[in-house]
Amino acid sequence: MTILRFGNGHVVVADAVWPGAAITIADGRIVAIEPCGAGAAGAIDLEGGWLMPGFVDTQVNGGGGVLFNDETSVAGIAAIGAAHAAFGTTAFLPTLISDYPDRIERALDAVDAAIAAGVPGVVGVHIEGPFLALARKGIHDATRFRLLDDAMIALLSRPRLGVVMVTIAPELARLPDIAALAAAGVRVSAGHTEVDHAGALSAFDAGLSGITHLFNAMPAMQQRAPGLIGAALDDPRPWCGLIVDGVHVSPTVLRIALRARGVERMMLVTDAMSSVGAREKDFVLQGRPIRVADGVCAFADGTLAGSDLDMARAVANTVSMLGIAPATASRMAAANPAAFLGLGHERGDLAAGLRADWVWLDAGFAARATWIGGERRE
């Protein structure tokens, strides 16, 4: 067993914030965690910063100069995970942007292989499209779009080593097909969609449980047409991903949404591209050059192409832009997404029995170090 002590800061646990903590680790898990004084002997000095549960990101398209669409391999997934671990992400879903069926199968198999190989942090896969609405395609390549058919349902439902998440436009899928995916354990999420309010509620009834980047790539809520956004804010069932970068969604709109819905099923996501953790920021997505400037990834016509956001910055933005308490922002970045993925018994909190995954942020919420399975990573 190993005991690590932290002091002179803020340690976020489920129901409290301690000035310090002693964490006992064995076999990559927390055996015990107890509060300790701010100046405990031998403690790592948090320097007024924060120790939070490791972040869980359900939408990671790339990082470290690698796009998952280009590198559907164990090595590619490892490179992406390493880039995001530097910013506190200890669990993530490599995310495949709309692609052809053979590429989808390759992505699913690659994630299985990465989990089997013990690649740190990878806990499943997110297939974002190609079952999307043409009118809400965003940066997705519409030539790759297709309907959700029996063959794809069988592929997505096949038993896997990690969680499978799929983003669909619910209006283009049959309700029994959504139900079949949900029954197989697939996390079905609505995104890039024109679904109306009634259709959204029917999809929730069928088992759709997530909203992919709420507000983006869906119709705006109107007074007589609440749509998917209205359904998501009014119905307590779906888990909603939020990109808090000050670009994808106005902070004012996000503050209103959080006041209306509360934070319990709100999750921070990055929608990160290969630029995160990379020296060379610009990249090419399915043949289209994407320029990255001032933290914004965009095609030449101005279409946003994911983000240059990391989870530490998402937490910092949630605190500074939205006025959310750090411990609550931590929950949105860790406990909530872990629960959405069905991994709350493993991740998302600093508690005995859970994995020894956490991040040290400085007083300005910049990442200082990350521990995955009790092993420190700078």
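That block above? That's the structure.
This one's a predicted model, so the numbers in the text were calculated from it and none came from an experiment.

**Examining the overall build of the chain**
Then step 1. Within the chain, the secondary structure is distributed over ten helices and 23 strands.
Then step 2. Relative to its length of 378 residues, the chain is compact, with a C-alpha radius of gyration of 20 Å against a globular reference of 21 Å.
Then step 3. By residue count, 57% of the 378 residues in the chain fall in the buried class.
Then step 4. For the chain, the share of sequence-separated contacts (at least 6 apart) that also reach a separation of at least 24 residues comes to 69%.
Then step 5. Between the mean site of the 29 positive side-chain charges and the mean site of the 39 negative ones, the chain shows a separation of 1 Å.

**Considering the side chain of serine 275**
Then step 1. For serine 275, the position within the fold is in the loop between β17 (266-268) and β18 (283-285).
Then step 2. Among residues more than four places away in sequence, those in contact with serine 275 are Lys281, Val292, Cys297, Ser307 and Asp308.

**Focus on the sheet that holds strand β7 (residues 50-53)**
Hydrogen bonds between backbone groups are what pair the strands of a sheet, and the pairing can be parallel or antiparallel.
Then step 1. Strands sit in the order β3-β2-β7-β21-β22-β23 across an open sheet of six strands; the sheet is mixed. Sheet topology places β3 (16-18) and β23 (375-377) at the edges, where each strand pairs with a single neighbour. Along the sheet, successive strands turn relative to each other by an average axial angle of 25°, direction set aside.
Then step 2. Direction of pairing for strand β2 (residues 10-13) relative to β3: antiparallel, over a ladder of three bridges.

**Notes on the pattern of salt bridges**
Then step 1. Inspection of every chain in the model, using the stated rule, returns 19 salt bridges.
Then step 2. Linking aspartate 235 and arginine 237 is a salt bridge whose minimum nitrogen-to-oxygen distance equals 2.9 Å.
Then step 3. Looking at aspartate 235, the relative accessible area reads 10%, which means it is buried.
Then step 4. Using a relative accessible area of 35% as the deciding quantity, one classes arginine 237 as partly exposed.
Then step 5. In this structure, the salt-bridge partner of arginine 291 is aspartate 282, at a minimum N-O distance of 3.4 Å.
Then step 6. Given a relative accessible area of 55%, arginine 291 falls into the exposed group.
Then step 7. It is possible to trace a salt-bridge network through shared partners that takes in Asp99, Arg103, Asp141 and Arg144.

**Section: the packing of aromatic side chains**
Then step 1. Evaluation of the coordinates by the stated rule reveals five aromatic pairs.
Then step 2. A ring pair is formed by phenylalanine 6 and tryptophan 371, whose centres lie 5.4 Å apart and whose planes are at 90°; its orientation type is edge-to-face. Separated by 365 residues along the polypeptide, phenylalanine 6 in strand β1 (residues 2-7) and tryptophan 371 in strand β22 (residues 367-372) bring together distant segments of the chain. Taken individually, phenylalanine 6 and tryptophan 371 each receive the classification buried, so the pair is uniform in this respect.
Then step 3. Ring centres of tryptophan 50 and phenylalanine 365 lie 5.9 Å apart, and the angle between their planes is 25°; on these two criteria the pair is classed as stacked. Here tryptophan 50 is found in strand β7, whereas its partner phenylalanine 365 is found in the loop between β21 (358-361) and β22, with 315 residues between them in sequence. Of the two residues, tryptophan 50 and phenylalanine 365, both sit in the buried class.
Then step 4. Three or more aromatic residues joined by ring pairs make a cluster, and in this case those are Phe6, Trp358 and Trp371.

**Things to note about the environment of alanine 79**
Then step 1. With respect to the helices and strands, the residue alanine 79 is situated in helix α1 (residues 74-85).
Then step 2. Along the sequence, alanine 79 and glycine 62 sit 17 residues apart, while their C-alpha atoms lie 8.8 Å from each other.

**With respect to unusual backbone geometry**
Then step 1. In this structure, proline 130 follows glycine 129 across a cis peptide bond, with omega equal to 15°.
Then step 2. The topology assignment puts proline 130 in the loop between β12 (124-128) and α3 (150-157).
Then step 3. Look at aspartate 27: it is not a glycine, yet its phi comes out positive at around 55°.
Then step 4. With relative accessibility at 84%, the residue aspartate 27 sits in the exposed group.
Then step 5. The phi dihedral of phenylalanine 215 falls on the positive side, at around 90°, and the residue is not glycine.

Conventions adopted
- Counting restarts for each chain, with residues numbered from 1 along the sequence as it is written.
- Side-chain atom pairs in this predicted model are given and counted only at pLDDT of 80 or more, local residue features only at pLDDT of at least 70, and totals for whole chains, interfaces and linings cover all residues.
- Neither water nor hydrogens contribute to the side-chain values; these are computed over all heavy atoms in the structure.
- The secondary structure listing takes helices from DSSP runs of H or I that are at least 4 residues long and strands from runs of E that are at least 2 residues long, numbered from the N terminus.
- The globule rule used here is 2.2 Å times the number of residues to the 0.38 power, and the radius of gyration it is set against is calculated over C-alpha atoms.
- Working definition: with a 1.4 Å probe on protein chains only, accessible area under 20% of the residue-type maximum means buried, over 50% means exposed, and in between means partly exposed.
- The criterion used for residue contact is that any of the two residues' heavy atoms lie within 4.5 Å.
- Only four residue types enter the charge count: Lys and Arg as positive, Asp and Glu as negative, with His and the chain ends excluded.
- The atom standing in for a charge is NZ when the residue is Lys, CZ when it is Arg, CG when it is Asp and CD when it is Glu.
- Here a strand pair is declared whenever DSSP counts at least two bridges between the two strands.
- Only the stretch in contact is used when fitting a helix axis, every axis being a line fitted to C-alpha atoms; angles between N-to-C directions are given from 0 to 180 degrees.
- Throughout this description, the term salt bridge denotes a Lys or Arg side-chain nitrogen within 4 Å of a carboxyl oxygen of Asp or Glu.
- Any Phe, Tyr or Trp ring, taking Trp's six-membered ring, that has another such ring centre within 6.5 Å forms a pair; planes under 30 degrees apart are called stacked, those over 60 apart edge-to-face, and the others tilted.

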